Amino acid sequence: MALSSKCLLLFISLLLGYGVLQLEATADNQPYRTSYHFQPPKNWMNGPMLYKGIYHLFFQYNPKGAIWGNIVWGHSTSTDLVNWTPHEAAIYPSQPSDINGCWSGSATILPKGRPVILYTGIDPNNHQVQNLAMPKNLSDPFLREWVKSHDNPLMAPNFYNKINSSSFRDPTTGWLGRDGYWRVIIGNKINQKGLAILYKSKDFVHWEEAKNPLYSSKNSGMWECPDFYPVLIKSQLGIDTSIDGPNTNHVLKVSLDDTKHDYYKIGSYNQDKDIFIPDNGPFHKNSRLRYDYGKFYASKTFFEGNSKHRRILWGWVNESSSVENDIKKGWSGVQAIPRSIWLDNSGKQLVQWPIKEIETLRLKEVNLPKQVLKGGSVLEVSGVTAAQADVIITFEISELSKAEVLDPSWTDPQLLCSRKGASVKGGIGPFGLLVLASKGLQEYTAVFYRIFKSHSKYVVLMCSDQSRSSFNHENDETTYGAFVDVDPVHEKLSLRSLIDHSIVESFGGEGKACITARVYPTLATDAEAHLYAFNNGTGNVVITTLSAWSMKKAQIN
Ligand SMILES: *[C@@H]1O[C@H](CO)[C@@H](O)[C@H](O)[C@H]1NC(C)=O
Ligand SMILES: *[C@@H]1O[C@H](CO)[C@@H](O)[C@H](O)[C@H]1NC(C)=O
Ligand SMILES: *[C@@H]1O[C@H](CO)[C@@H](O)[C@H](O)[C@H]1NC(C)=O
Ligand SMILES: *[C@@H]1O[C@H](CO)[C@@H](O)[C@H](O)[C@H]1NC(C)=O
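What you are looking at is a predicted structure, and each value in this text was computed from that prediction instead of being measured.

Let's shift gears to the sheet that holds strand E16 (residues 248–256). Strand order in the open sheet formed by four strands is E15-E16-E17-E18, with antiparallel pairing between adjacent strands. Bordering the open sheet on either side are strand E15 (223–232) and strand E18 (275–278), each of which pairs with just one other strand. If you compare each strand with its neighbour and ignore which way they point, the axes differ by 40° on average. Looking at chain direction, E15 and E16 are connected through eight bridges and run antiparallel. Each bridged residue has a counterpart across the sheet, and for Leu 232 the counterpart in E16 is Thr 248.

This part covers the site of ligand 2. Every one of the seven residues lining ligand 2 counts as a neighbour, but Asn 164, Ser 167, Lys 189, Ile 190 and Asn 191 are closest to it. A distance of 2.8 Å separates an oxygen atom of ligand 2 from a polar side-chain atom of Ser 167. Considering ligand 2 on its own, with 360 Å² of exposed area, one finds that the protein chains cover 57% of that surface. Classifying every residue of the shell around ligand 2 by side-chain character gives two nonpolar, four polar and one charged.

A word on the packing of aromatic side chains. Each aromatic ring pair is described using two quantities: the centre-to-centre distance and the angle formed by the ring planes. Within the structure shown, the criterion is met by 27 aromatic pairs. Between Trp 353 and Phe 507, the aromatic rings sit 5.9 Å apart at their centres with planes inclined by 65°, giving edge-to-face as the arrangement. Separated by 154 residues along the polypeptide, Trp 353 in strand E23 (residues 350–354) and Phe 507 in strand E34 (residues 503–508) bring together distant segments of the chain. Given a relative accessible area of 21%, Trp 353 falls into the partly exposed group. Ring centres of Phe 395 and Phe 431 lie 4.7 Å apart, and the angle between their planes is 75°; on these two criteria the pair is classed as edge-to-face. One end of the pair, Phe 395, is in strand E27 (residues 388–396); the other, Phe 431, is in strand E29 (residues 428–437), with 36 residues separating them in the sequence. With relative accessibility at 0%, the residue Phe 431 sits in the buried group.

It is worth spelling out the state of the cysteines at this point. One pass over the full model with this rule turns up one disulfide. Disulfide partner of Cys 417: Cys 463, at an S-S distance of 2.1 Å. Between Cys 417 and Cys 463 the disulfide shows an S-S torsion of about -80°. By sign, it is left-handed. Within this pair, whereas Cys 417 is found in helix H4 (residues 413–419), its partner Cys 463 is found in strand E31 (residues 457–465), the two being separated by 46 residues in sequence. Accessibility classification places Cys 417 together with Cys 463 in one group, the buried group.

A few words now on the pairing of strand E22 (residues 339–343). By the criterion of burial, E22 is predominantly enclosed, with five of the five residues buried. Where burial is concerned, the two faces of E22 agree: the one with Arg 339, Ile 341 and Leu 343 and the one with Ser 340 and Trp 342 are both buried. Taken together, the two bridges between strand E20 (residues 310–317) and E22 define a ladder with antiparallel strand orientation. Bridging across to E22, Ile 312 finds its partner in Ser 340. Judged from the five bridges that link them, E22 and E23 form a sheet pairing that is antiparallel. Looking at the pairing, Trp 342 lines up with Val 351 of E23.

Our next topic: the domain arrangement of the chain. The assigned domain composition of the chain is domain 1 (3–356) and domain 2 (364–551). Between the C-alpha centres of domain 1 and domain 2 the distance comes to 31 Å. Residue-level contacts link 32 residues of domain 1 with 34 residues of domain 2. Roughly 2800 Å² of surface becomes buried between domain 1 and domain 2 when both sides are summed, with 52% attributable to carbon and sulfur atoms. For domain 1, the biggest contributors to the area lost against domain 2 are Tyr 32, Tyr 36 and Tyr 293; these three give 25% of the whole. In this structure, the connection of domain 1 to domain 2 is made through three salt bridges. Glu 505 is the partner of Arg 339 in a salt bridge, and the nearest nitrogen-oxygen pair spans 3.0 Å. Remark: the boundary between domain 1 and domain 2 carries 25 residue pairs in polar contact (both at pLDDT 80 or more). Those elements that place two or more of their residues in the side of domain 1 that touches domain 2 are helix H3 (323–329) and E23.

Throughout the structure, instances matching the rule amount to 28 salt bridges. Through salt bridges with shared partners, one network takes in Arg 169, Glu 224, Asp 257 and Lys 260.

Right, let's get into the site of ligand 4. Residues in close proximity to ligand 4 include Ala 422, Ser 423, Lys 425, Leu 434, Tyr 444, Arg 468 and Asn 536, which together make up its full environment. At 3.4 Å, a backbone N or O of Ala 422 approaches an oxygen atom of ligand 4. One nitrogen or oxygen atom from the main chain of Ser 423 is found 2.5 Å from an oxygen atom belonging to ligand 4. Burial of ligand 4 by the surrounding chains reaches 64%, relative to a free accessible area of 360 Å².

One open sheet accounts for four strands, arranged E1-E2-E3-E4; its pairing is antiparallel. Across the chains shown, the open sheet's two edge strands, defined by having one partner strand only, are strand E1 (49–51) and strand E4 (85–91). On average, adjacent strands in this sheet sit at an angle of 35° to one another, irrespective of strand direction. In this sheet, strand E3 (residues 72–78) lies alongside strand E2 (residues 54–61) in antiparallel orientation, the contact comprising seven bridges.

The next thing to look at is the environment of Pro 157. Mapped onto the fold, Pro 157 is located in the loop between strand E8 (146–148) and strand E9 (168–169). Dropping the residues within four chain positions of it, Pro 157 is found in contact with Gln 128, Val 129, Ile 163, Ser 165 and Phe 168.

What follows covers the confidence of the model for the chain. When the pLDDT values of the chain are averaged, the result is 91; 92% of them are 70 or greater. Taken together, the stretch residues 1–27 has pLDDT below 50 and engages in 78 contacts with residues farther than four places along the chain or on a different chain. Overall, residues 65–69 carries pLDDT values under 50, and its contacts beyond four positions in sequence, including any with other chains, amount to 16 contacts.

What follows deals with the UniProt feature "domain: Glycosyl hydrolase family 32 C-terminal" (unreviewed entry) in the chain. In the numbering adopted here, UniProt assigns the feature "domain: Glycosyl hydrolase family 32 C-terminal" (unreviewed entry) to residues 357–550. As annotated, residues 357–550 comprises 4% helix and 49% strand, and the C-alpha atoms at either end are separated by 15 Å.

About the criteria used
- Residues numbered from 1 in each chain as written.
- Chains lettered and ligands numbered in written order.
- Predicted model: local features only at pLDDT ≥ 70, side-chain atom pairs only at ≥ 80, totals over all residues.
- Heavy atoms only, no water.
- Pairing = 2+ DSSP bridges.
- Helix = DSSP H or I, 4+ residues; strand = E, 2+ residues; numbered from the N terminus.
- Axes fitted to C-alpha atoms, helices over the stretch in contact; angles between N-to-C directions.
- Near = heavy atom within 4 Å.
- Polar contact = N/O pair within 3.5 Å; in protein donor to acceptor, adjacent residues only side chain to side chain.
- Areas by Shrake-Rupley, 256 points an atom, 1.4 Å probe, with all protein chains shown as cover.
- Nonpolar A, V, L, I, M, F, W, Y, C, P; charged D, E, K, R; others polar.
- Phe/Tyr/Trp six-rings, centres within 6.5 Å; stacked < 30°, edge-to-face > 60°.
- Buried < 20%, exposed > 50% of the residue type's maximum accessible area, 1.4 Å probe, protein only.
- Disulfide = S-S within 2.5 Å.
- Domains from an automatic or database assignment.
- Contact = heavy atoms within 4.5 Å.
- Buried area = accessible area lost by both parts, 1.4 Å probe.
- Salt bridge = Lys/Arg side-chain N within 4 Å of Asp/Glu carboxyl O.
- pLDDT = per-residue confidence, 0-100.
- UniProt positions renumbered as here; feature names shortened; annotations may be inferred.

This is the structure in structure tokens:
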């Protein structure tokens, strides 16, 4: 398969994408294997869902470990989104319409609680087509066996629709319109224009392409894993994908194949015209709003009804190590901790927070009393297993007058963080956490803030600096950054990091900006890992609270 088509497969998991393989990893002697992040032997994310109180997670899996024929849907279930039980593959090539692979898709719960899956199959001509599968036995709580529709493929490129047959994949969860028609969108590309092609159906089996796409944007490249869902205004509760009421906005998320980031737009959905109208402009490769400003791709949300009423986001987190090292360790890719996601009160962005179930893994709480963290100081947080921890720190900034002036040309937060890493002294900041740090600070990942003055207001920059995370510099050590919409004069500034051996998921401003990093320390592994708070600015900051917990190991397959 040509290099260019590797990404088509995207979901085929990273490893596969590189043409590498298999490897049932053992947890022993594996300093980078995570303990509470979901990790199948290989993975990538498919449609998650909840059915009769059981969460289902499907992921791309190659049972033969060979290159990418044989791509099947691996399947695990959970009752708490933390501990997972493996099952046999749910969907595997068995029909002409998927004989060359069962790629990504989504689950939808039809009326009377009937779950179905729409997924992309690769047909004998290597064309991407959309197929339907249903559980064989609805009384089986684990829905272990799935049968396919005899009508497959249900949607296919042809002479009339002129859909690009090598860029037509990843159907979304369906939503039901007021007219009684189900709708789904599918990612597509024509030349460099990315599109969300809309299909409509009365019965979920016979689908017709709508006259216009739900939305499209020039020069954005292929849209993988689109996601489209409503969010409530001024509420943290999630709502069903089909709801389209007066108190809602809609979110369109796309995974841009060309940049490997997940971008979203908030806007309105005009159901009569079947178009999405974003509040500000089309997608492009520098679009500002992202779910995560580090490594996080090909994500999907699902709505959880019952008593919880939340929308949950799952994302897939690639490795940053070299392919050779991935082969050596025998696995690649993990799932981020599922996050609740809702619309910020400002209406201008989404907010994400780790699902509360993850707190059941917290073991021993360590607290630090309120104290001043002087410019140039480092403070160890001892008593936690720093390689496997959850930490929340909140700051109060007492000397804002020392903030540096933000140059108007500093508009790219990632670039600004890479120029002003943890070792570049500022006025207010860098201050934050040093995680997966070695005792003598030869290695650490610095997750921190820096505050700038811009006219009459302050601008908060959040960074994750991996440049000193490992002595092994073959890893991708890109520094990540995001601006956080917090007013440091009136609001507290908080930072939470979920640390799990080789992954650091950080939430700034109570979930207004998220940055996920993959790091591979050589000294700061397991019991040799330490956790510190630090302030490398000239101005003092105050730690108002700091709580840290050791995290138990979850049962992952
Ligand atoms: C369906 O699943 C239930 C529960 O596991 C089981 O008791 C029943 O025998 C299954 N039916 C068939 C036809 O396999
Ligand atoms: C169709 O998609 C393939 C794979 O990305 C791409 O190489 C090709 O240029 C696309 N064709 C058109 C007309 O966009
Ligand atoms: C995975 O990470 C590698 C190394 O950082 C990067 O080159 C590659 O583009 C990433 N792939 C995806 C699909 O994110
Ligand atoms: C703080 O800054 C000094 C001077 O630039 C640098 O040597 C040191 O490594 C920095 N500390 C951290 C934790 O980055």
